[in-house]
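Understanding the architecture of this molecule
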Amino acid sequence: MKGERTFREKGGFEMDISMKAGAEKKPFKFIDIPDIVTICLQQHIGKPNHPIVKEGDMVKTGQKIGDAKCRMVVPIHSSVTGYVEDLKEVYNPVLNRKEKAVIIRRDGNDEMKYLPEYDLDRRKEIVKMVKEAGIVGLGGAAFPTHVKLSSQGIKKLVINAKESDPNLVCDVRLMIDKPAEIVKGIKLMARSLDTDEIIFATRTEEGQIPELERIMKEHGIKVVRVRPSYSVGAEKLLIKEMFGIEVPSGKFPPDVGVVVNNVSTAYAVYRAAYKKEPLLSRGASFYSDLTGIENIWFRNGTSIRQVIEGLGLDIDRFDRIVIGSLMMGWSVGSSDAPLLKYSAGVTALTPEYSKPYEKQLPCIRCGYCDLVCPVDIYPSLIMKAEKADDVKALKRYNVLDCIECSLCSYVCPSQIKLTKHLWQGKNKVNK
Amino acid sequence: MKIAGRLKKEKPPHLHSGFTKNELMLKTFLFMCIIGFASIIVMGADAFVHILVALGTALVVHATINSYQTWKGVEPTYSSPASVLVAGMIVALAMPIASPFEITAGVSLLTVLVFKYGQGRFFKRKYLNPAAAAKVLLLGLLSVMYIIEEPLKEGMIFHPHHYDYNFMSAEGFEASMWIFSRESIFGAELSATQSLLFWQTHGWIGGGSSIVVLIVGIVAAYLLKYKWRIIVSTILTMTVLSAAIGLYLGCDPILRIAFHVFTGSVIFFTFFMATEPQTTPMTHGGQYAFGVCLAILTFVLQLYNVLGGSIIALVLLNIFTDKFDLLLIKKPFGHGKEVRT
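Residues numbered from 1 in each chain as written. Chains lettered and ligands numbered in written order. Predicted model: local features only at pLDDT ≥ 70, side-chain atom pairs only at ≥ 80, totals over all residues. Heavy atoms only, no water.

Comments concerning the nonpolar core
Note that soluble globular proteins tend to have their nonpolar side chains buried in a common cluster. Selection criterion: Side-chain atoms within 4.5 Å are what join buried Ala, Val, Leu, Ile, Met, Phe, Trp, Tyr and Cys residues into a set we call a nonpolar core. The buried label applies to any residue whose accessible area, calculated with a 1.4 Å probe on protein chains only, is under 20% of its type's maximum; exposed applies above 50%, and partly exposed to all values in between. The contact rule is simple, with two residues in contact once any of their heavy atoms fall within 4.5 Å.
Formed by 167 residues in total, the largest nonpolar core has its most connected members in Phe200(A) and Met273(B). Not counting chain neighbours up to four residues away, the residues in contact with Met273(B) comprise Ile90(B), Ala94(B), Asn129(B), Ala131(B), Ala132(B), Trp204(B), Phe268(B), Ile311(B) and Leu314(B). Membership of the second largest hydrophobic core comes to 23 residues, among which are Ile382(A), Leu394(A), Cys412(A) and Val429(A).

Some remarks on the packing of helix 4 (residues 179–193) of chain A against helix 7 (residues 263–274) of chain A
All names here are of chain A. Note the threshold: Every angle, taken between N-to-C directions, lies between 0 and 180 degrees, and every axis is a line fitted to C-alpha atoms, over only the stretch in contact when it is a helix. Where helices and strands are cited, they refer to DSSP runs of H or I of at least four residues and of E of at least two residues respectively, numbered from the N terminus. Roughly parallel covers angles under 35 degrees, roughly antiparallel covers those over 145, roughly perpendicular covers 65 to 115, and oblique covers all other angles. By the convention adopted, Pro, Cys, Tyr, Trp, Phe, Met, Ile, Leu, Val and Ala count as nonpolar, Lys, Arg, Asp and Glu as charged, and the other residues, Gly among them, as polar.
Interhelical geometry of helix 4 versus helix 7 gives an angle of 85° and a closest axis separation of 7 Å. Relative to helix 7, the element helix 4 lies roughly perpendicular. Facing Glu-181, Ile-182, Lys-184, Gly-185, Ile-186, Leu-188 and Met-189 of helix 4, the residues of helix 7 in contact are Val-263, Thr-265, Ala-266, Tyr-267, Val-269, Tyr-270, Ala-273 and Tyr-274. By residue class, the composition of the contact of helix 4 with helix 7 is eleven nonpolar, two polar and two charged.

What to know about the interface of chain B and chain A
As a reminder of what qualifies: Simply put, the buried area is the total loss of 1.4 Å probe accessible area from both parts when two parts are fitted together. Put simply, a salt bridge is a Lys or Arg side-chain nitrogen that is within 4 Å of an Asp or Glu carboxyl oxygen. Here a polar contact means two N or O atoms within 3.5 Å. Within protein one must be a hydrogen donor candidate and the other an acceptor candidate, and residues neighboring in sequence count only if both atoms are side-chain atoms.
Contact residues are listed per partner, giving 49 residues for chain B and 77 residues for chain A. Of the roughly 5,600 Å² buried where chain B meets chain A, counting both sides, 58% is carbon and sulfur surface. Its largest share of buried area at the contact with chain A, chain B owes to His14(B), Leu15(B) and Phe333(B), together 15% of the area lost on that side. One can count six salt bridges joining chain B with chain A. In this structure, Asp325(B) and Arg365(A) form a salt bridge, with 3.0 Å as the shortest nitrogen-oxygen distance. On inspection of chain B and its partner chain A, the count reaches 30 residue pairs in polar contact (both at pLDDT 80 or more). Of all the elements in the fold, those that place two or more residues in the side of chain B that touches chain A are helix 1 (21–43), helix 9 (210–224) and helix 15 (321–324) of chain B. Broken down by class, the residue content of the side of chain B that touches chain A amounts to 18 nonpolar, 13 polar and 18 charged.

Thoughts on a nonpolar patch on the surface
Residues and elements named next belong to chain B. In plain terms, the rule: Patch rule: a residue counts if its relative accessible area is over 30% and it has no salt bridge; like charges are joined within 9 Å, and nonpolar side chains (Val, Leu, Ile, Met, Phe, Trp, Tyr) within 5 Å. Each accessible area is a Shrake-Rupley estimate made with a 1.4 Å probe; only the visible protein chains count as cover when residues are assessed.
Taken together, the side chains of Met-168, Val-292, Ile-296, Val-300 and Tyr-304 define a hydrophobic patch exposed on the protein surface, amounting to about 420 Å² of accessible area. Looking at where Tyr-304 falls in the secondary structure, it is placed in the loop between helix 13 (284–303) and helix 14 (309–318). The class of Tyr-304 is exposed, set by a relative accessible area of 54%.

Considerations on the confidence of the model for chain B
Residues and elements named next belong to chain B. Just so we agree on the cut-off: pLDDT gives the predictor's per-residue confidence on a scale running from 0 to 100.
Summarising the model, chain B shows a mean pLDDT of 87, and 89% of its residues fall at 70 or more. In the model of chain B, helix 7 (residues 178–181) stands out as the element of lowest mean pLDDT, 71, in contrast to helix 9, which has the highest, 97. Low pLDDT, under 50, characterises residues 152–158; the stretch is placed with 21 contacts to residues that sit more than four places away or in other chains.

Concerning the packing of aromatic side chains
Selection rule: Think of it this way: a Phe, Tyr or Trp ring, Trp meaning its six-membered ring, pairs with another when their centres are within 6.5 Å, and the plane angle makes it stacked under 30 degrees, edge-to-face over 60, tilted otherwise.
Enumeration over the complete set of coordinates arrives at 20 aromatic pairs over all chains. On the basis of an interplanar angle of 90° and a centroid distance of 5.2 Å, the ring pair of Tyr78(B) and Tyr117(B) is categorised as edge-to-face. Taken together, the residues Tyr78(B) in the loop between helix 2 (45–71) and helix 3 (82–93) and Tyr117(B) in helix 4 (residues 101–123) connect sequence positions 39 residues apart. Aromatic pair Phe167(B) and Phe173(B): ring centres 5.9 Å apart, planes at 75°, arrangement edge-to-face. Given a relative accessible area of 0%, Phe173(B) falls into the buried group. Through successive ring pairs, a cluster of aromatic residues spans Phe28(A), Phe30(A), Tyr267(A), Tyr270(A), Tyr274(A) and Trp297(A).

Structural notes on the pairing of strand 17 (residues 320–323) of chain A
Residue and element names in this part refer to chain A. Selection rule: Any two strands with at least two DSSP bridges between them are considered paired.
Across the two faces of strand 17 the burial is the same, with Arg-320 and Val-322 and Ile-321 and Ile-323 all buried. Relative to strand 18 (residues 345–349), strand 17 runs antiparallel, the two sharing four bridges. Across the sheet, Ile-321 pairs through a bridge with Ala-348, a residue of strand 18.

Here we look at the packing of helix 13 of chain B against helix 14 of chain B
Residue and element names in this part refer to chain B. What counts, and what does not: Rotating anticlockwise by less than a right angle from the far helix to the near helix defines a left-handed crossing, while the corresponding clockwise rotation defines a right-handed one.
As a packed pair, helix 13 and helix 14 sit with axes 8 Å apart at the nearest point and diverge in direction by 140°. Judged by the angle between their axes, helix 13 and helix 14 are oblique. The two elements helix 13 and helix 14 cross, and the hand of that crossing is right-handed. Only Gly-309, Ser-310, Ile-312, Ala-313, Leu-314, Leu-316, Leu-317 and Asn-318 of helix 14 make contact with helix 13, whose side of the interface consists of Phe-290, Cys-293, Leu-294, Leu-297, Thr-298 and Leu-301.

Some points on the domain arrangement of chain B
Residue and element names in this part refer to chain B. Put simply, the rule is: Domain segmentation is taken from an automatic or database assignment of domains.
As far as domains go, chain B holds domain 1 (21–146) and domain 2 (159–324). The distance between the C-alpha centroids of domain 1 and domain 2 comes to 21 Å. Opposite the 34 residues of domain 1 that make contact, domain 2 presents 38 residues. Considering only the side of domain 1, the residues that lose the most area to domain 2 are Phe-31, Ile-35 and Val-42, jointly responsible for 20% of the buried surface there.

Some points on the domain arrangement of chain A
Residue and element names in this part refer to chain A. Taken domain by domain, chain A comprises domain 1 (6–26 + 117–274), domain 2 (36–106), domain 3 (280–349) and domain 4 (368–430). Relative to domain 4, the C-alpha centre of domain 1 lies at a distance of 29 Å. Listed by partner, the interface residues are twelve residues for domain 1 and 14 residues for domain 4. Summing both sides of the interface, domain 1 and domain 4 together bury roughly 980 Å²; the carbon and sulfur share of this comes to 68%. Broken down residue by residue, the surface that domain 1 buries against domain 4 is led by Lys-10, Phe-13 and Tyr-230, which jointly contribute 53%. Across the contact surface, domain 1 and domain 4 share one salt bridge. In this structure, Asp-376 and Lys-10 form a salt bridge, with 2.6 Å as the shortest nitrogen-oxygen distance. On the surface where domain 1 and domain 4 come into contact, there are five residue pairs in polar contact (both at pLDDT 80 or more). No other element matches strand 2 (residues 14–16), which puts three residues into the side of domain 1 that touches domain 4. Each residue belonging to the side of domain 1 that touches domain 4 can be placed in one class, and the counts come to five nonpolar, three polar and four charged.

Here we look at unusual backbone geometry
Pro12(B) connects to Pro13(B) through a cis peptide bond whose omega is 0°. Mapped onto the elements of the fold, Pro13(B) is located in the segment before helix 1. Phi is positive for Asp376(A), close to 60°, though the residue is something other than glycine. Examined against the element boundaries, Asp376(A) turns out to sit in the loop between helix 9 (368–372) and helix 10 (379–387). Phi at Leu328(B) takes a positive value of approximately 45°, unusual for a residue other than glycine. By the secondary structure assignment, Leu328(B) is in the segment after helix 15.

What about the side chain of Asp401(A)?
In plain terms, the rule: In this charge count, Lys and Arg are treated as positive and Asp and Glu as negative; neither His nor the chain ends contribute.
Note that Asp401(A) resides in the loop between helix 11 (391–396) and helix 12 (407–411). Buried charge without a partner: Asp401(A) forms no salt bridge, and the closest opposite charge is Lys236(A), 6.8 Å away. Within the structure, Asp401(A) has its side chain in polar contact with the side chain of Ser249(A) (distance 2.8 Å). Ignoring anything within four residues of it in the chain, the contact list for Asp401(A) reads Ser249(A), Val375(A), Ile377(A), Pro332(B), Phe333(B) and His335(B).

Quick look at the pattern of salt bridges
Taken as a whole and assessed by the stated rule, the structure comprises 35 salt bridges over all chains. Of the charged contacts in the structure, one is a salt bridge between Asp319(A) and Arg320(A), with a shortest N-O distance of 3.9 Å. The same class applies to Asp319(A) and to Arg320(A), which are both buried. A cluster of three or more residues bridged by salt bridges with shared partners is formed by Asp319(A), Arg320(A), Lys8(B) and Glu10(B).

See below:
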């Protein structure tokens, strides 16, 4: 990783990751706690939360403000101390649609409401704690972590520290800063799954995270250096890469006896267990073509504007702001959009930054998209079928298996955003 | 002017590899320039003139259309001449060295005007390989001239004397190889097999030195990611078929392979025409099947002495490209493979 400038993808294609080279050396910059936070009630995959506070209520930092009685629900907590100013629909930058949110105005204090005591020797108690702490997969998927940790018959726990996206490096920084804490979180996860086989999948070189590696060795955690590739960061592809196991379509890693969790999620578990803190803040990578990468730490519900201004930048210099991965995240329509629990990256681009898809040319059927596709589907033929509304052909070409990694668009010499057609194709099949 | 707080909402991705169609075309052109240079060394000044004529014609047509589109206020179809240069070079290298220059100019004109710009304009994409289709069209017209006395003098590229050879017999085949056995490099006499591999002054300009085509073709296919399955299946099928017929008829199978695989109309054609992206299948299975069918059809047409057999075969198969895309669709990740738990 030290001098890493490219990832190698299927078909021999290379992905430029120079924007994050060396950025793991930059410590986290803590964004000031904002005066007002916008906390979206749905920050997980699953059923939505219902607000459990009303306008005018006083709330403490860490106090639950949204919940629902359902297994696939993760409660949501206030990230500041203050009063509820409003409950309204706001734009969710990740789901790219409007969602219910609680607007909280800070009163200047930061009084904490801690999580209750849990018996960390009992598996069920760990799972309960993880749920109550509102922990979701922090790699970007936002899958409820307690659901993963309650899986049965698990043989292997894989900690995904691969951080494959070209603009994200915050996980590596966290591994440098919090090695002992991460290992404690991992051990708790393993305990809840009743497995001793823990594999730490990383792309770092030997000696890059010496302290973490030393502690992991002491605890019998096996470190596996995974081939530097963007697509291998995806959970199922990582399992295939490491163990040769192919998770069947429509199934999940626990169905093959493996649970994969992100390294930042392990740190969140540690904080819940030993600091009694719900998931209120997280580390992320900020990139702009003016500054390069900065590692930041922000409270849930902080707006994009607050982050950018907190870094001393003028928001009006930018015309595109992307949340999450530059390969998979949308650019948002407003700088007032809030950051969520699983926003691992913020990228602000000036109008001068290249817009490679501005002038898309007709498909030349070169087949690059088919070659690079990590799940072996045919993006170009799917695009053709999608344009023709041919649902039969969309099914024939297995559009539903697309993992939306966008590699097809990335390599397309005609600079076509094939990803858009793959989504639309999926929607047409699911209708 | 951007409204404060309002930003551009865009779908992912926001990054691109930077490798564009123009770069792909330009690099393809440069690879073909190496082959063209080798052919000039082997075949002499005529090859150079053919290349200049084909490229010049292609560029003139491109510049004329481009100017017309600009004048009409229409976005030019091709912002750069890179792909036109590729088309022009393919025409040049796919012409027989004995062909008159005006025929080369005619094929280049048809290629760019009718089968490159025209197909794109009227059918939204290219269904037929432009250079191959132009050559087939012109060959067809010129074949009518077969009835004319001394047709070569009339400027045709159809060589009726080829009909005197019988490739279906060992004697007929070996007798026809005289044309390749008269080659020599710096005084050293070459056998027909050696000539077919290293130094051909007969046939397609692009086949001047098959070994150069083979090396450049492999490097280009690897670096520029051509549809290699078509190349492999075509060459393998041709090799198997030629070895089989050689053994069956009792002639030298090596010479038979050298002839059927290493003439310019096969070796150059396979690397740089049969892999033309728009007109060939996308699915891997489809590409293999396409290559096998192309080889079989080309081989049969070669046996019957049909000049331009490979390009006729290619144009015929281009028509069915979409059908080939229905063949042997690979199983995606997570489908039908046994899971070890």
